[in-house]
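Inside the fold
The lines below spell out each chain.
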Amino acid sequence: MFDNAVIKNPRTTNKAIYIDLDIVCDGELYPYTATATDTEAYSVVLYHRALAGDFGGISILDRDFVGENETIKNERLREADRQIAPLSDAVELNIATDSEKEALTAWRTYRVLLNRIDTSAAGISWPPIPT
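Calculation rules
Residues numbered from 1 in each chain as written. Predicted model: local features only at pLDDT ≥ 70, side-chain atom pairs only at ≥ 80, totals over all residues. Heavy atoms only, no water. Core = buried A, V, L, I, M, F, W, Y, C linked by side-chain atoms within 4.5 Å. Buried < 20%, exposed > 50% of the residue type's maximum accessible area, 1.4 Å probe, protein only. Contact = heavy atoms within 4.5 Å. Pairing = 2+ DSSP bridges. Helix = DSSP H or I, 4+ residues; strand = E, 2+ residues; numbered from the N terminus. Axes fitted to C-alpha atoms, helices over the stretch in contact; angles between N-to-C directions. Phe/Tyr/Trp six-rings, centres within 6.5 Å; stacked < 30°, edge-to-face > 60°.

Turning our attention to the nonpolar core. Ranked by size, the top nonpolar core spans 11 residues in total: Ile7, Ile19, Leu21, Ile23, Tyr32, Ala34, Leu46, Tyr47, Ala50, Phe55 and Ile58. With residues up to four places along the chain from it excluded, the contact list for isoleucine 58 reads Pro10, Arg11, Thr12, Lys15, Ile19, Ala50 and Leu51. The next biggest cluster of nonpolar side chains, apart from the first, holds 10 residues, and it includes Leu104, Trp107, Tyr110 and Ile124.

Right, dumping it as structure tokens:
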């Protein structure tokens, strides 16, 4: 899946259920949630490797607000990915309209800004969702 990837920053609020990881591949950050019971074998392998400490110590995050922040961030990242995919296809196929190109830039910028957010901080100022 990510042959040339660097995997780091394992964190969780409950490592018996999941471990979030940052996967950096070709300079791009892909937040990933690995679980012990996922249907994808790769996720299970990553979960057990993270649990074994292969990617560094696992940060245990404060449940009061961090879990909620992580959920919000992950939902927003999934939506950004969902919006970016067809726009990227249009650009790569040289059939994108000017508005699709602008939308792609806006959604990619949004995704970068989301990835920079430290979910362990209180009072996060979320970037505006592109329209």
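A sheet is described by the order of its strands in space; here 4 strands give the open sequence E3-E2-E1-E4, paired in mixed fashion. Each of the sheet's edge strands pairs with one partner strand only, and the pair in question is strand E3 (28-35) and strand E4 (59-60). Sheet analysis places strand E2 (residues 18-25) next to E3, joined by 8 bridges and oriented antiparallel. Bridging across to E3, valine 24 finds its partner in leucine 29. Against the sheet, helix H1 (residues 41-51) engages strand E1 (6-12), E2 and E3, with an angle of about 90 degrees to E3.

Time to look at the packing of aromatic side chains. What the rule picks out here adds up to 1 aromatic pair. With centroids separated by 5.5 Å and ring planes inclined at 90 degrees, the aromatic side chains of tryptophan 107 and tyrosine 110 adopt a geometry described as edge-to-face. With a gap of 3 residues between them, tryptophan 107 and tyrosine 110 both fall in helix H3 (residues 98-115), about one helical turn apart. When sorted by exposure, tryptophan 107 lands in the same class as tyrosine 110, which is buried.

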